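This is what each chain is made of:
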Amino acid sequence: MEKPRIPVDLIVAKLAEDAEKARVRAQKASDVLLQELETEIAPTPYEILYEEDRVKLKHYRPIVPVQYKHPLLVVYALINRETMLDLQPGRSVVQSFLQYGIDLYMIDWGYPSRKDRYLTIDDHVSGYMDNIVDFIRERHRMPKINLMGICMGGTFSVIYSALNPHKINNLVTTVTPTNFDTDQGLLHIWMKTVDVDRMVETFGNMPGDFLNFGFLMLNPARLMIDKYVGFLENMDNKSFVENFIRMEKWIFDSPDVPGETFRQFVKDGYQKNLLIQSKMRVGGRRVDLKKITMPVLNIYGKYDHLVPPGACERLTGSVGSTDVEDVCLETGHIGIYVSSKYQKEFVPKIVQWLKDRDEGRQIFAAGRSASKKTAVKRGLKKTVSP
Amino acid sequence: MTDNRNAFADSENLLSAWIKTASDFWGSMLQSWPQTETDRAGSAASETDNKEKSRSRESFETVLKTWQTLSSVAGDTGAMEAVSNLGHVMPDVLLKMVRATWQGVFNLQQQWIEKAGRIGQSTQAYSFENLDEEVFRAWTDVYEKEFRQFFYTPQLGLTRTYQEKFNQAADKFNRLQAVFGEFMTIFYMPIEKSFKVLQDKVAKMAETGELPEDYNAYYRLFIKILEGRYMTLYKSPEYLSVMGKTLTALEEFLMARETITQDVLKGLAVPTQKDLDELYREIYILKKKIRKIEKKQ
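Here's a quick rundown of the structure. (Residues numbered from 1 in each chain as written. Chains lettered and ligands numbered in written order. Predicted model: local features only at pLDDT ≥ 70, side-chain atom pairs only at ≥ 80, totals over all residues.)

1. Observations concerning the overall build of chain B
Okay, step 1: The number of helices and strands found in chain B is eight helices and zero strands.
Okay, step 2: Ordered by position from the N terminus, the helices and strands of chain B form the series α-α-α-α-α-α-α-α.
Okay, step 3: Across the 297 residues of chain B, 10% fall into the buried class.
Okay, step 4: Put simply, of all contacts in chain B between residues at least 6 apart along the chain, 68% involve residues at least 24 apart. (Helix = DSSP H or I, 4+ residues; strand = E, 2+ residues; numbered from the N terminus. Buried ≥ 20, exposed ≤ 12 C-beta atoms within 10 Å, placed from the backbone. Contact = placed C-beta atoms within 7 Å.)

2. Notes on the interface of chain B and chain A
Okay, step 1: Each partner contributes residues to the interface: chain B has 25 residues there, and chain A has 26 residues.
Okay, step 2: Breaking the side of chain B that touches chain A down by element, the ones donating at least two residues are α6 (215–235), α7 (237–267) and α8 (273–296) of chain B.
Okay, step 3: For the side of chain B that touches chain A, a count of residues per class yields 15 nonpolar, three polar and seven charged. (Nonpolar A, V, L, I, M, F, W, Y, C, P; charged D, E, K, R; others polar.)

3. Concerning the packing of helix α3 (residues 121–140) of chain A against helix α4 (residues 152–163) of chain A
Residue and element names in this part refer to chain A.
Okay, step 1: Where α3 meets α4, the closest approach of the two axes is 10 Å, and the angle between their N-to-C directions is 65 degrees. In terms of crossing hand, the pair formed by α3 and α4 is right-handed. On the side of α3, the interface is formed by Ile121, His124, Val125, Ser126 and Met129, while α4 contributes Phe156, Ile159, Tyr160 and Leu163.
Okay, step 2: Among the residues forming the contact of α3 with α4, the class breakdown is seven nonpolar, two polar and no charged. (Axes fitted to C-alpha atoms, helices over the stretch in contact; angles between N-to-C directions. Left-handed = near helix turned anticlockwise from the far one by under 90°.)

4. A short note on unusual backbone geometry
Residue and element names in this part refer to chain A.
Okay, step 1: One non-glycine residue, Asp53, lies in positive phi territory at about 55 degrees.
Okay, step 2: Turning to its location among the elements, Asp53 is positioned in the loop between β1 (46–52) and β2 (55–60).
Okay, step 3: With a phi close to 50 degrees, Asn273 is a non-glycine residue in the positive phi region.
Okay, step 4: The topology assignment puts Asn273 in the loop between α10 (259–271) and β9 (281–282).
Okay, step 5: For Asn273, a count of 19 C-beta atoms within 10 Å translates into the label partly exposed.

Here it is, written out as structure tokens:
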């Protein structure tokens, strides 16, 4: 008997089999969803050492003796929350840093209210950030600290380092947009066309939910459909459900963005691309990237749809430092911080890089890393394989 | 002709006589008023009542005097003739009035017909072969060209500003609905097209006997196609244009709604968002100044 072109019998048999599996799964899922779930995020203990308006400085309690001279300050973006770095035990950038003996500080930007709508980038960078950096410097009696920025927080860190190079020992930027003139990411295409003045006039602060909706719209197939199909397929798995809920908690915990900051970020960044050209002005001062003379480690994701490589990779070629390194990881915007695979690569890379510089050694990156990366040293690009 | 003249003379006399009788009657009524009023004043009527009576009497006197003036004029032969001529002229006047009114209604109707005709012209610009794709765009266009201006007709009177704001909000809401429909249509397109592509691919796989047995494979294929379609759509100038229009419409509606809310809150003596924003700005500037001074110290 000839084999039919369309294996209808097999498809139907598979359907029937899966229908039974789905029934069993639904039964189990009901048990899972009705029991107590561990969905707490940001469980690592910390204390608040500094507060100014809505902004807080978290200091994480070391779990091993501190092994580095310079403390590390992490600056998260104003979009979403810094809790992403401490989603759960075993998938926590914060805990990984602590395990390596880093003295870790992190800025919690809080939830801007309507009264914060007039706060500019200058207020965040030369106001809150500068006060916090000074606080840490005084606390440790050190002239300089290490600074690590994430996404928009990375952009703030770049601006801060250019304006205050004497206060920063090493700069680490992760998924940080500095070159906005790229058509690799949809955000870069869309933002060029929006009337940001009218947006800010209408909303005051940019509503977090509105921004989140925009992010979902970037990939509806994956973020609105496939993600939840995946949940349905695994909802009988307690551990999966807990992780999923943690991620949902983080992703939809979206503070509003102060209106004036959003306006300047879109205008000077996405629409005029001033930062990478060293033409951006913050608080009346020009942000000259050539003044960034401290070592710079620039990490970004190859498949980042929000801040694509094109938005990140020009930074190291534009700063004044002679010790720069680019690391392109084969993952997306969030995967760098939360995927189990990159947990094993991302933090150790930063820690080692900081350690080399903390001890006064400046080892140029090319040929050193165990991961697949692109290393840049003053315009000299090398692709390094494991 | 002679009959007509006689009839005219009779009607003239009749009108003259009626006016005289009426004049005499109301004249004597007026004369009798003071007596009645005095009698009442003598009784327990209050002062306020008297004032009211005086006002009534004044009004009555004014009317009567006007009547007397008119009737004295009416006594004049020429005037009577002119009044009598009304009988001949009246049909013409009425006809002219009716004609003017009719013309007005007709013009209005014609304007509406023209508008309706233009709706057709507007929609012709879109080929209705792709009805569901074009219909929202066409409706937006028709609304903007033919209906929108009704919300911007000048408002009159004390409440004109409020009415104007309300009309504007209504217009912005309508526009948002229209543009949002257009947005949803374009947003739905990749789903529709992905199904078509999936069908084609499945047909091809069926031809070559490569159909997957696991139906999940079809789903994964669909999601992959859908993702690609959205990426293509999102980069297209059409999408950027519709997205821009939708955002603008949303923002304009929210702003229009805010102005109405502000009026309501003002009436309730509750601070408006604008009031608060002004206050926040002042606080912001003050805080900045204080921090600057603190840093200098």
